[in-house]
Amino acid sequence: MQLTGYALRLSIFLGEDDTWHHKPLHHEIVKRAREAGLAGATVLRGCEGYGASSTIQTTRLLSMTEGLPIVVIIIDAEARIRDFLPELDELMIDGTMLLDKVEVLHYQGKQRS
């Protein structure tokens, strides 16, 4: 599905140790987003951050490489994103979600000579 124009971006912040049925939670979120037919989802792994606990997680110290931040970004039409939110109610125990309106520009690669 090609998406251009105005859309809603859902950013879900969690920890890499968050799980759903003994598997990484971000895998389940992406799977459900795809099953819901949403335009796209991307998982980003942070190299440093902190959340509600105020404990800094970082890759700089080998002994503290667990619990690094993960962000799942999903973009689609506002109604489709809002319809997806109840799926997250079942999955999320702790975390933060952001919704923001974005303008989507789709570029398709040109043939290079």
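Preceding block: the structure.
The structure presented is a predicted model; accordingly, all values stated were derived computationally and were not measured.

Asks: Would you take a moment to explain the pattern of salt bridges for this structure?
Replies: Oppositely charged side chains may form a pair once their charged atoms are brought near each other. One pass over the full model with this rule turns up 9 salt bridges. Ionic pairing is found between D100 and R9, a salt bridge with its closest N-O pair at 2.6 Å. Within this pair, whereas D100 is found in strand β8 (residues 96-104), its partner R9 is found in strand β1 (residues 5-15), the two being separated by 91 residues in sequence. In this structure, R82 and E78 form a salt bridge, with 3.0 Å as the shortest nitrogen-oxygen distance. Taken together, the residues span about one helical turn, with R82 and E78 both in helix α2 (residues 78-91) at a distance of 4 residues. Residue E78 is classed as partly exposed on the basis of its relative accessible area, which comes to 31%.

Asks: Would you mind showing me how to read unusual backbone geometry here?
Replies: Peptide bonds are, in most cases, trans, and in most cases residues other than glycine have a negative phi. At H21, a residue that is not glycine, the phi angle is positive and equals roughly 50°. When you line up the elements, H21 lands in the loop between β2 (19-20) and β3 (23-24). For H21, a relative accessible area of 60% corresponds to the exposed category. Even without glycine at this site, H22 takes up a positive phi of about 70°. Relative to the assigned elements, H22 resides in the loop between β2 and β3. A residue is classified by how much of its surface remains accessible, and H22, at 82% relative accessible area, is exposed.

Parameters and conventions
- All chains use their own residue numbering, which begins from 1 and follows the written sequence.
- Restriction of local features to residues with pLDDT of at least 70 applies here, the model being predicted, together with a cutoff of 80 or more for giving and counting side-chain atom pairs; totals for whole chains, interfaces and linings are based on all residues.
- Remark: hydrogens and water are excluded; side-chain values derive from all non-hydrogen atoms of the structure.
- A carboxyl oxygen of Asp or Glu within 4 Å of a side-chain nitrogen of Lys or Arg is what we treat as a salt bridge.
- Helix and strand labels come from DSSP, where a helix needs a run of H or I of at least four residues and a strand needs a run of E of at least two; each type is numbered from the N terminus.
- Exposure is judged per residue with a 1.4 Å probe applied to protein chains only, and the accessible area is read against the type maximum: over 50% gives exposed, under 20% gives buried, and values in between give partly exposed.

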